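# Breakdown of the fold
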Amino acid sequence: MKISVNWLKDHIDLEVDPDGLIDALNNIGLMVGGWEAFEDDIVLDIETYANRPDTLGHRGIAREIAVKFGLPFKELELPLDESSLETADLVDIQILNEDLCPRYTGLVVKGVRIESSPEWLQKRLRSMNLKPVNNVVDVSNYVLFATAQPIHTFDLGKIAGNRIIVRKAGKGESLLALDGSLLELDSEMLVIADESKPVALAGVIGGMDSSVTDSTTDIFIESASFHPGSIRSSAKKIGLQTDASYRFERHTDIAFPPLAAKMAASLLCRFGGKVSKGLLDVYPAPAKTKTVVLRRHRIRGLLGLDVEDGFVVETLESLGFLVEEKQPHIWQLKVPSFRIDIEREADVIEEIARFYGYDKIPTQLPPMEELEPIHDERRNRIESLRQVMFHQGYDEVVNLSFTHPEEESLFHTNRRPVVIRNPISTRASLLRTTLSGGLLQNIAWNRNRGAEGVQLFEMSKTYYRKENDSYGEDETLAFAATGLVGEDHWQGARIKADFFSLKGTCEALMSNLRYAACSFMELEHECFLKGAALSIHYKGQIVGCLGEVNPPVLKYFSIKEKVWLAELNLTRLFAKQPQPFMFSPISRFPSIERDLSIIIDKDVVFQDIREVIDRLSILNLEKYVLVDKFSGKPVPDGKASLSFRFVFRHSSKTLLAEDIDICQKQILAALRSAFKIHLREGESIDK
Amino acid sequence: MREIKNQIDAYRKELEKATARIKDAESLQELHTLFLGRKKGYVTLLMNAMKFLPPEEKRDAGQIINLFKKDVQDVLDGRQKSIQKSRIISFAADLTLPGRSPYWGAPHPLRLFQNRIESIFQKMGFSIEEGPEIETDFYNFEALNFPPEHPARDDWDTLYLDKDDWLLRTHTSPVQIRVMEKRKPPIRIICPGKVFRKEAPDPTHSPMFYQVEGLIVDHGITFAHLKGTIDFFLRTFFHEKIKVRFRPSFFPFTEPSAEVDISCTVCNQKDDNCRVCGGSGWVEILGAGMVDPQVLKNVNIDPEKYSGFAFGMGIDRTGMFQYQIPDLRYFFDNDLRFIRKFSRQ
Ligand SMILES: [Zn+2]
């Protein structure tokens, strides 16, 4: 809202420099976004709030400043040159939709000379960045910017039957608007009509046919109140916001139309006009005055300081409240009609704080008498997974949650995506059901910018539509790797990302969460290359998958190199009970290692061997690792050689070779009965 | 005398050759012993030889021997200095070669900022709460006192889903409502997370961004406590010496409301043409206020017994200001060169 400092002086004797004025305005919440010198004036740009339509004119701003500086607020003198004609004899006003137009006032001014406005008036309009047109148009703009009450002027001679009817538009009616456009009206739009046709779209724009022209002499002044929602919907439908509709949409002061009409009439009298007697005021259901009770102890309770009663009463009275002390320190307030924002005690306390000054409120820390124990298991686990990912050399990314049908279908997630009804673009019309698309985009972006290797992870929500049609959100972790890992180093070549580097990360994550007992199964999925993917299972449910990305998917993202990708559903995973954590003391006794190499069918997968060994629950077996695997000569065709290292340790004694032998026999027996194996030649198992 | 002179010339030649061969402190020490050794050093030998000269020649011989001794000293000192310089590389292997360390992944800057904010509030006894990103009109607007015709509810500002009344949350305030529904005061929480608006991406806008909101509800919570909490947070997050300014504002869910500015850390309030604060000296960082009594009533907390305050700030925007990042979209481009910059922050 542009505010001219000179204009404010109509209401207050302002004697402060611009800096002081701007500071004062900021302190009462009327933020000055900027200012510029205009001729001998200064024009401020003030940010106003949706709930303070009273500050959309100079009058309202001047009132606030008057309160801030303790200055008297001066009302304008509005002398009228009245004729003997009664307004009611000249024009008839009828409201058919009282809910949409609660008040309509009118005056007639006859014999106005249409000419250019005097310099003082033109200057005021120019300071508002408006082009002066003629005295009548300028007066209505002037009243709007002075008071925040829009008014409209009609050529009375062009109002058929001298009748003003406020009604909804009829089917098929149209209006040639002042800006030259032809508006098709619908039956929800409120119009001002004469006997035969609409002459204005209420509160938004007037009609060309009834507008004031150079030959006009008799003017009808409309000063009314309209329902904000109705004006907003009309303005939106025709795609036009005017200074008038902007104010009506935000609520105008129901008490103000008579004064605005009088103000316009008074100005038109300066151009030879004579005003009709008696304001026509159709106001079928006068609004009730709002009352609020204010208690002194609540001021303290909310602000944390005592404000003197004198300050409270004086501030509220100058803001237009009627203050009556009902009991000691308890006041009943009548709220001025222009303050639509004030309904409760808290609203009034804000007014007191605003003018008292936020800077005078003390700065204290809130007392803390109780503190609940914090159980943040989910957040802790997520944070711990992030640390695993960093440790594994993955950089963290955050992608937008949106995707589009083509990309979404690429991943065959078997989930119904969430559809955005009013997306910013079709490229962002869905919420993603997988994080994979974002990661592949990031890989393409970074490869195109010279990155030799990229390892990325994202931890975010994925979204889907559930069976029962409600929406679901799953915490998801996805990561992808391609190209070289780490930095070049003089000691040797960099390793390349591959399936097992990704799988190792999966295992590290699962073990970090104490889900190490997860299992992997071969996975066939459109997203992954056939034979190069696994699904991850925990307690009978799929919790994720990993594999080499299928070339058609890579092609979609214009990626030429191999990429390995994994995605884990953390919501599903966290719902599972992890293995319990238990502390057992470190054994003081030495361990015994045994190496064991077996020849086994190539088709047998490691996981099956592991299961057989694990199921044995061998006593004192601390751990075992696969230390070598190979096939080809001297291993017979169709067979592979696997070498394991077993580490045994007892918690309270030194193990004897005989103890270990028993264990070893047990392991071999189990493997023999499960698979066809034999020991590699030249190695003794019975040492 | 002549013999001594010849001998000295021979020694000089030997010195020249030997110095060229010196590679390290050890060989230098050897040479030192050879020439200046007390018992069998060349200079000592010359001195011994001088004793047999006639008295009239002794003086001259003494002079040339001393001159020679000084020259040797100078040459060896010079070598000593140059050896000390290159001493570190004088071992068998070059230990100054770059070391080897595993690559440690870099956190995304937004998560980094978020963690910093969280840890400050955790020190003040706040717990962290999260909630769904897909929300209903009730939790996102109605319970927060947004009137039905409020512009934020417009199709132009909020992303709505294909089912009526469902939307992508436009702030994390719904989490506050959900917590207040479940728990009775005292409540002392912050709610960080993703929020969504219908805004096309440009240098200062994004349809998705990060926010953190906070809430305290308890007996006797006042605006003074709001000021104290925010002041502590901002001075910890930015700098102890920044100035903090509270000015009146308006939000539907707080009353009274405040906008919180900090003194511009780019120009320190000294540049009238500062491109960050526009010369005003202040940068808007946070919105706050006392929880509106209606909001408390909506979640069955009696506003006569309890009061509270709430605040909210953009994580991306705050990070952009702190590090002078020129474009919001950098956060979502995920260029590794950008992301990795912050791991040493
Ligand atoms: Zn600055």
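For the structure itself, consult the block above.
Keep in mind that this is a model prediction, so the values were computed, not measured. (Residues numbered from 1 in each chain as written. Chains lettered and ligands numbered in written order. Predicted model: local features only at pLDDT ≥ 70, side-chain atom pairs only at ≥ 80, totals over all residues. Heavy atoms only, no water.)

### Focus: the overall build of chain B
Check the secondary structure of chain B and you find twelve helices and nine strands. For a compact globule of 345 residues, the expected C-alpha radius of gyration is about 20 Å, and chain B comes in at 39 Å, more than 25% above that figure. By its C-alpha atoms, chain B is 125 × 45 × 40 Å across when sized along the principal axes. Per-residue burial over chain B gives 54% buried out of 345 residues. Of all intrachain contacts in chain B linking residues separated by at least 6 positions in sequence, the fraction that spans at least 24 positions is 66%. For chain B, the exposed area adds up to about 16,900 Å²; of that, 51% sits on carbon and sulfur atoms. Separation between the mean location of the 50 positive side-chain charges and that of the 48 negative ones in chain B comes to 13 Å. (Helix = DSSP H or I, 4+ residues; strand = E, 2+ residues; numbered from the N terminus. Rg over C-alpha atoms; globule rule 2.2 N^0.38 Å. Buried < 20%, exposed > 50% of the residue type's maximum accessible area, 1.4 Å probe, protein only. Contact = heavy atoms within 4.5 Å. Areas by Shrake-Rupley, 256 points an atom, 1.4 Å probe, with all protein chains shown as cover. Lys, Arg positive; Asp, Glu negative; His and termini not counted. Charge placed at Lys NZ, Arg CZ, Asp CG, Glu CD.)

### Quick word on the coordination of the zinc ion
All names here are of chain B. Protein-derived coordination of the zinc ion comes from Cys-264 (SG), Cys-267 (SG), Cys-274 (SG) and Cys-277 (SG), at a distance range of 2.3 Å. If you list the donors of the zinc ion from N- to C-terminus, the spacing comes out as C-x2-C-x6-C-x2-C. Here Cys-277 lies in the loop between β7 (254-263) and β8 (282-291) and Cys-264 lies in the loop between β7 and β8, a separation of 13 residues in the sequence. (Donors = N, O, S within 2.8 Å, 3.2 Å for Na, K, Ca; no water.)

### Let's talk about the interface of chain B and chain A
Taken together, the 84 residues of chain B in the interface contact 81 residues of chain A. Both sides of the chain B and chain A interface together cover about 7,300 Å² of buried area, and 54% of this is carbon and sulfur. Counting the contacts that link chain B with chain A gives eleven salt bridges. Arg-378 of chain A is the salt-bridge partner of Glu-130 of chain B, the closest N and O atoms lying 2.2 Å from each other. Between chain B and chain A we count 46 residue pairs in polar contact (both at pLDDT 80 or more) in total. Of all the elements, helix α8 (residues 223-237) of chain B adds the most residues to the side of chain B that touches chain A, at eight residues. The residue inventory of the side of chain B that touches chain A, partitioned by class, reads 40 nonpolar, 19 polar and 25 charged. (Buried area = accessible area lost by both parts, 1.4 Å probe. Salt bridge = Lys/Arg side-chain N within 4 Å of Asp/Glu carboxyl O. Polar contact = N/O pair within 3.5 Å; in protein donor to acceptor, adjacent residues only side chain to side chain. Nonpolar A, V, L, I, M, F, W, Y, C, P; charged D, E, K, R; others polar.)

### Focus: the nonpolar core
Formed by 201 residues in total, the largest nonpolar core has its most connected members in Leu-25, Tyr-104, Ile-192 and Leu-294 of chain A together with Phe-233, Leu-234 and Leu-286 of chain B. The biggest single contributor to this core is helix α9 (residues 257-269) of chain A, with eight residues. Sequence-distant contacts of Phe-233 of chain B, defined by excluding residues within four places in its chain, comprise Ile-117, Ile-120, Phe-121, Met-124, Leu-286 and Met-313 of chain B. By size, the runner-up hydrophobic cluster in this structure holds 32 residues, among which are Ala-497, Leu-546, Leu-568 and Leu-573 of chain A. (Core = buried A, V, L, I, M, F, W, Y, C linked by side-chain atoms within 4.5 Å.)

Nothing here speaks to function; it is all geometry.
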